[in-house]
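# Topology and contacts: notes
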Amino acid sequence: MRSTPWRELASRHALLPLRIFLGVTFVYAGLDKLTTSGFLAASGSGSIGEQMRGVRDTAAIPALVDLALTAPAGFGLAIALGELLVGLGVLAGLLTRLAAAGGALISLSLWLTVSWAVTPYYYGNDLVYLMAWLPLVLAGAPYWSLDSLIRSRRSRRTA
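Residues numbered from 1 in each chain as written. Predicted model: local features only at pLDDT ≥ 70, side-chain atom pairs only at ≥ 80, totals over all residues. Heavy atoms only, no water.

What counts is decided by this rule: UniProt positions are given in the numbering used here, feature names are shortened, and annotations may be inferred rather than shown by experiment.
The protein chain appears in an unreviewed UniProt entry as DoxX family membrane protein from Streptomyces polychromogenes. Heading Subcellular location (unreviewed entry) of the UniProt record for the protein chain holds this comment: "Membrane".

So this is what it looks like as structure tokens:
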């Protein structure tokens, strides 16, 4: 069966909607954490410290939560900046595989701590985000990305 130009185009750009969704979502999540009053505090309503204490006993790896609780504000800031950088990297398509691996690591950490006790397991969104990052870890951003622009300029220089 012969492929049509539309199918070829759709196939080449199949990961673009996923890239945009994950990028926008992680940029929003990072900005939301940075701009929400009281989030970057060790205690208090809505703080990262309270959230961590609330999930500590149900986490798959309580030691990971304990580590975060040694400096909750620093941990919250690291997560927020990580989400922001991952989102921007994936949206721009710059170091996409590395950015996607960062997104997968953040999602894995959140799944093993915050959403581990969600039952049934498929109600927990962090596991879905973890799986959504994997195609971008494997394939990167071959089109509409700074990675592809850099690659094409390098190949022209070496040719």
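## What about the nonpolar core?
Note the cut-off: The definition of a nonpolar core used throughout is a set of buried Ala, Val, Leu, Ile, Met, Phe, Trp, Tyr and Cys residues joined through side-chain atoms within 4.5 Å. Three exposure classes are used, based on accessible area relative to the maximum for each residue type with a 1.4 Å probe and protein chains only: buried under 20%, partly exposed in between, and exposed over 50%. Secondary structure follows DSSP: runs of H or I at least 4 residues long count as helices, runs of E at least 2 residues long count as strands, and numbering of each begins at the N terminus.
Grouped together as the largest cluster of nonpolar side chains are 17 residues, with contacts concentrated most on Leu22, Phe26, Trp133 and Leu136. Listed by contribution, the elements that provide at least two residues to this core are α2 (16–35), α5 (72–92), α6 (96–113) and α7 (125–139). Looking at which element gives the most residues to this core, the answer is α6, with seven residues. Of all hydrophobic cores here, the second largest spans seven residues; its members include Phe39, Ile48, Ala59 and Ala68.

## Let's talk about the UniProt feature "transmembrane region" (unreviewed entry) in the protein chain
Annotation from UniProt places "transmembrane region" (unreviewed entry) at residues 12–31, 73–95, 102–122 and 128–146. The span residues 12–31 is 85% helix and 0% strand, and its two end C-alpha atoms sit 31 Å from each other. Helix makes up 57% of residues 102–122 and strand 0%, with an end-to-end C-alpha separation of 22 Å.

## Here's the deal with the packing of aromatic side chains
Just so we agree on the cut-off: Here is the rule: rings of Phe, Tyr and Trp (six-membered ring for Trp) pair when centre to centre is within 6.5 Å. Planes less than 30 degrees apart are stacked, more than 60 are edge-to-face, and the remainder are tilted.
Applying the stated criterion across every chain, the model contains six aromatic pairs. Note on phenylalanine 21 and tyrosine 129: the rings are 6.2 Å apart at their centroids and 5 degrees apart in plane angle, and the pair reads as stacked. In this pair, phenylalanine 21 is assigned in helix α2 and tyrosine 129 in helix α7, connecting sequence segments 108 residues apart. Summarising the aromatic geometry, the rings of phenylalanine 26 and tryptophan 133 are spaced 5.0 Å apart at their centres and angled 85 degrees between planes, so their arrangement reads as edge-to-face. Pair noted here: phenylalanine 26 is in helix α2 and tryptophan 133 is in helix α7, with a separation of 107 residues, a long-range link.

## Here's the deal with the packing of α2 against α7
The line we're drawing: Between N-to-C directions, angles span 0 to 180 degrees; the directions come from axes that are lines fitted to C-alpha atoms, helices contributing only their stretch in contact. Here the word oblique covers every angle except those under 35 degrees (roughly parallel), over 145 (roughly antiparallel) and from 65 to 115 (roughly perpendicular). Two helices that cross are described as forming a left-handed crossing if the nearer one is turned anticlockwise from the farther one by less than a right angle, and a right-handed crossing if clockwise. Two residues form a contact once any of their heavy atoms are found within 4.5 Å.
Contact geometry of α2 with α7 gives a least axis separation of 10 Å together with a crossing angle of 130 degrees. The angle between the axes of α2 and α7 places the two elements in the oblique class. As α2 runs across α7, the sense of the crossing is left-handed. Across the interface between the two elements, Leu18, Arg19, Phe21, Leu22, Thr25 and Phe26 from α2 touch Tyr129, Ala132, Trp133, Pro135 and Leu136 from α7.

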